[in-house]
Structure formats: structure tokens, C-alpha cells
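Chain residues, written in single-letter form:
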Amino acid sequence: MNRLKWDDYFMAQAHLLALRSTCQRLSVGATIIKDNRIIAGGYNGSVAGEVHCIDDGCLMENGHCIRTIHAEMNALLQCSKQGVSTDGATIYVTHFPCLNCTKSIIQSGIKTIYYAMDYHNHSYAIQLLNQSGVKYEKVPFDAERIGQLFLNES
Ligand SMILES: [Zn+2]
Ligand SMILES: [Zn+2]
């Protein structure tokens, strides 16, 4: 029997959310977990009510799309909006978080980051993670292997 591992389940959830991204610069998804339960999720997208980059093009400034809220921030803000504590939680993300998201993740009390892909891993972000004792580990996502589990079920 090929039972799905928790790591694969949460990482798959982050990758599903990435498919909801509305900014074509990068499809990122993030899932926040506490006690093996998903407490929030996010993807790269605009502020609620704003146009989507996929419809209107990105709003570029200094090489960055300024319209987009990053997936990790969207997941954290969902917790703040709903009044859910992120202290001691774990986050699964499709890509290594940018510097700003790393700072927010540390400050939110999240203790573990699992990321599937390296992405401009910022040296200061890594320094902050090491200083704060937040664990970060690469957990590659094998979509083909996970997909095979569905095929085996049917
Ligand atoms: Zn954009
Ligand atoms: Zn970010």
C-alpha cells in the first residue's frame, strides 16, 4: 500500500495553491501547518478587489511586480485575519522564501520551513534563519510520483 506521507501531502497542497497564482512572474504556493493540520494557505496574487496580473500584465517597478502579495505573506495574513496563531507552526512553500517573507515567517513564530525548490536563496535570509533557530529544509516535490498514487487508486 502506498500511503501518502504528510510531507508529500502538505507539499502537494502548496503546489496546488501555486496553480492559483495570478502573477505570471512566478507561481508560488504556501501552506501553514500546525499539529498536522492545515491552518492557512496562500499563493502569489493581488490585493482583494485589485485586477490580476494575468489579465492586465504585471505592474513593474525596479524589476519587481509591485502588485503581488507573496504566497507566504498571503498565508500569514489569512491567519491574522482569522485570528489563528502561527506560533510554533510549520510552513511548506514551493520556493525558498524571499528575504521579506523570511523575515515575516521568523517574526510570526513559525519554527520550520520546508521548501521544494531553491530560488535566489538570499544569504541574509539564511543568516537570519540560522540566528533565529528556524529550521529550513528542502523537500523536493515529485509530481509524477504523487500523480501515480492517484492512478493506482482507480
Ligand atoms: Zn505580477
Ligand atoms: Zn516573498
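How each quantity is defined
Residues numbered from 1 in each chain as written. Chains lettered and ligands numbered in written order. Predicted model: local features only at pLDDT ≥ 70, side-chain atom pairs only at ≥ 80, totals over all residues. Pairing = 2+ DSSP bridges. Helix = DSSP H or I, 4+ residues; strand = E, 2+ residues; numbered from the N terminus. Axes fitted to C-alpha atoms, helices over the stretch in contact; angles between N-to-C directions. Contact = placed C-beta atoms within 7 Å. Buried ≥ 20, exposed ≤ 12 C-beta atoms within 10 Å, placed from the backbone. Arc of directions from axis to C-beta. Right-handed = clockwise from strand over helix to strand, strands pointing away.

What follows covers the sheet that holds strand 1 (residues 29-34). A sheet is described by the order of its strands in space; here five strands give the open sequence 2-1-5-6-7, paired in mixed fashion. The open sheet has two edge strands with one neighbour each: strand 2 (37-43) and strand 7 (135-138). With direction set aside, neighbouring strand axes in the sheet form an average angle of 20°. Where strand 1 lies against strand 5 (residues 90-95), four bridges are found, and the strand directions are antiparallel. For Ile-33, the partnering residue across the bridge sits in strand 5 and is Thr-90. Against the sheet, helix 1 (residues 6-18) engages strand 1, strand 2, strand 5 and strand 6 (112-117), with an angle of about 145° to strand 1.

Before going further, it helps to spend a moment on helix 4 (residues 99-107). Within the span of helix 4, buried status applies to Cys-101, Thr-102 and Ile-105. Down the axis, helix 4 shows its buried residues gathered within 105° of arc, on one side only. Tucked inside the fold, the buried residues of helix 4 contact helix 3 (71-82), strand 5, strand 6 and helix 5 (123-132). Of the residues flanking the end of helix 4, it is Gly-109, one or two places downstream, whose phi is positive at about 90°.

The side chains of a regular strand alternate, residue by residue, between the two faces of the sheet. Pairing of strand 5 with strand 6 involves five bridges; the strand directions are parallel. What sits directly across from Val-93, in strand 6, is Tyr-115. The handedness of the strand 5 to strand 6 crossover, carried by helix 4, is right-handed. With four bridges joining them, strand 6 and strand 7 adopt parallel strand pairing. By the bridge assignment, Ile-113 is partnered in strand 7 with Tyr-136.

By themselves these figures say nothing about function.
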